[in-house]
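Survey of secondary and tertiary structure
For reference, the chains in residue letters:
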Amino acid sequence: MSSVNHKSVSSSFLVCSEDQVFRPTMKGNGKRNGNGNGNGNGNGHKLHAEGVNVGVTANGNATAKKQHYHLHPIKDDDYHHEVTDRVVEEPGKYELGQYGYGKNNVKLLHVHREGELHTVREYEVDTHLKLNSKKDFIAGDNKDIIATDTQKNTVYVLANRHGVNSPEEFALLVCSHFLYTYRHVEEATVHVEEYPWERLQVDQRDHNHAFIFSPKSFRFCTVVQKRNERPKIVGGLRDLRVLKTTQSAFTDFIQDEYRTLPDVNDRIFSTIVTATWEYSTANGVDFDDVWETVKECILDKFAGPPDTGIFSPSVQNTLYLAEKMILDKVEQISRIDMSMPNKHYFTLDLSKFPTSIVKSENKEVYEPVDKPSGIIHAMLERKQEPRSKL
Ligand SMILES: O=c1[nH]c(=O)c2[nH]c(=O)[nH]c2[nH]1
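All values derive from a computational prediction rather than experimental measurement.

In a regular helix each residue adds 1.5 Å, so 15 residues correspond to 21 Å; helix α5 (residues 315–329) covers 21 Å between its end C-alpha atoms and thus fits that length. Regarding α5, the residues found buried are V315, T318, L319, A322, E323, M325, I326 and L327. Where α5 is buried, its residues contact β15 (269–279), α4 (287–303), β16 (333–347) and β17 (366–381).

Laid out in structure tokens, this is it:
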């Protein structure tokens, strides 16, 4: 039987472990808590107003204020729901492997209004939980199930109560809520996809309350938190499609009886970048800022300065240089994984046409070839500090 303790507790705490809790202090003027009184969660846990205004991020997804994390102890009896009969033996000769359940694609638009200036963030949120009992699967006993419908509701209630900042902060909040509220949740995974709304510019001025969908690239994150462990925070960027018409070559690769591709000193380089990166900490991280930095580094190593560009001897090298720049710039990123499919634009062989109808040297017309496509990927991580010999 589940013993349910309806004691009111603050879900504004971000659980780090049984004895450590991330407590997010609220931002700015403290009016974003959903209850309108600016002092938090309505249960006596005051959320601090820090008043750190960072303005609008480069993509116009103004986040307004920064969130800070502090560690506070929680007590055993702080849990909402206590489940006692957790262990159900698996009958027979089989063992349940990976398991879990959740709600996918919970769509959410959050509007933050500061007087005339409004900002929006639209998310699709996936929540997945792994319970410490398997009796729902094995015995048809639903008593421990936090219904997927309840998980959906939780996303809306937390967004209403605490506001929505970066995808990573929101995912951390939702994870900690589930771990904190239900002791029998062993692991929470929250994936957030952000819609790329950008503040509209009219006459080169930012519009107060109108936005344009600008899918130049997409942002996402995944937070996985196991009970008693720190959250694993992974940021992500995908569908950043780029092309340049020169400053790319591919030469000196293996010459054997299988090779037909000639050395090319000047070719078109186009790719669709996906990057995911893991944070070593959430402390002091401006997640919006990091996302912009990652994007800028990728574009910097792909395109280079506007007049001259940057030379790429291969997709491999360009990918590596972008990853290295990101690790150099953001110390809280412990590793970054990138993939760059090579979207080929082949030179057309027009030699069979009479010279009366085609130019002798074809340097303008290319054939985009989607499939098959080369795929280049690599993960770059920081080396472990060598252990002291003491
Ligand atoms: O940058 C490239 N790397 C490759 O490994 C490769 N292979 C290929 O056919 N073209 C390219 N281009």
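Next comes the rest of the description.
Tallying each qualifying case throughout the model produces eight aromatic pairs. Ring plane angle 45° and centroid distance 6.3 Å describe the contact between Y123 and F170, whose orientation is recorded as tilted. Placement of Y123 in strand β9 (residues 117–131) and of F170 in helix α3 (residues 167–181) is noted, with a sequence separation of 47 residues between them. Like Y123, the residue F170 is buried in the burial classification. Across the ring face of F302, the terminal group of K244 is positioned such that the distance to the ring centre comes to 5.4 Å.

Our focus in this paragraph is the site of the ligand. What surrounds the ligand is the set F250, L261, R267, S314, V315, Q316 and N342. The contact in question runs from an oxygen atom of the ligand to an N or O atom on the backbone of V315, over 2.8 Å. Here a nitrogen atom of the ligand sits 3.3 Å away from a polar atom, N or O, in the side chain of N342. Because more than half of its atoms lie within 2 Å of the grid, the ligand is assigned to the largest pocket.

The next subject is the sheet that holds β16. Pairing between the strands of a sheet comes from backbone hydrogen bonds, and it takes one of two forms, parallel or antiparallel. The sheet built from eight strands is open, its strands ordered β8-β9-β10-β13-β14-β15-β16-β17 with antiparallel pairing. Both outer strands of the open sheet, β8 (101–114) and β17, are each paired with one neighbouring strand and no more. Between one strand axis and the next, the sheet turns through 15° on average, direction left out of account. Looking at chain direction, strand β14 (residues 232–244) and β15 are connected through 10 bridges and run antiparallel. Directly across from G235, in β15, lies its bridge partner W277. Taken strand by strand, α3 contacts β8, β9, β10 (185–194), β13 (218–226), β14 and β15, and its axis lies near 155° from that of β10. Lying over the sheet, α5 contacts β15, β16 and β17, oriented at roughly 150° with respect to β16.

The next subject is the nonpolar core. The biggest cluster of nonpolar side chains holds 58 residues, and the ones touching the most others in it are F170, W277, I298, I333, I336 and M338. The greatest single-element share of this core, amounting to eight residues, is contributed by α3. With residues near it in sequence (within four places) discarded, I336 still touches A275, T276, W277, V294, E323, I326, L327, A378, M379 and L380.

Cut-offs used in this document
- Residues numbered from 1 in each chain as written.
- Predicted model: local features only at pLDDT ≥ 70, side-chain atom pairs only at ≥ 80, totals over all residues.
- Heavy atoms only, no water.
- Helix = DSSP H or I, 4+ residues; strand = E, 2+ residues; numbered from the N terminus.
- Expected span 1.5 Å × (residues − 1).
- Buried < 20%, exposed > 50% of the residue type's maximum accessible area, 1.4 Å probe, protein only.
- Contact = heavy atoms within 4.5 Å.
- Phe/Tyr/Trp six-rings, centres within 6.5 Å; stacked < 30°, edge-to-face > 60°.
- Lys NZ or Arg CZ within 6 Å of the ring centre and 35° of its normal.
- Near = heavy atom within 4 Å.
- Polar contact = N/O pair within 3.5 Å; in protein donor to acceptor, adjacent residues only side chain to side chain.
- 1 Å grid on protein atoms, 1.4 Å probe; cavity = no way out; pocket = protein on both sides within 12 Å on 5 of 7 lines; lining within 4 Å.
- Sits in = over half its atoms within 2 Å of the grid points.
- Pairing = 2+ DSSP bridges.
- Axes fitted to C-alpha atoms, helices over the stretch in contact; angles between N-to-C directions.
- Core = buried A, V, L, I, M, F, W, Y, C linked by side-chain atoms within 4.5 Å.

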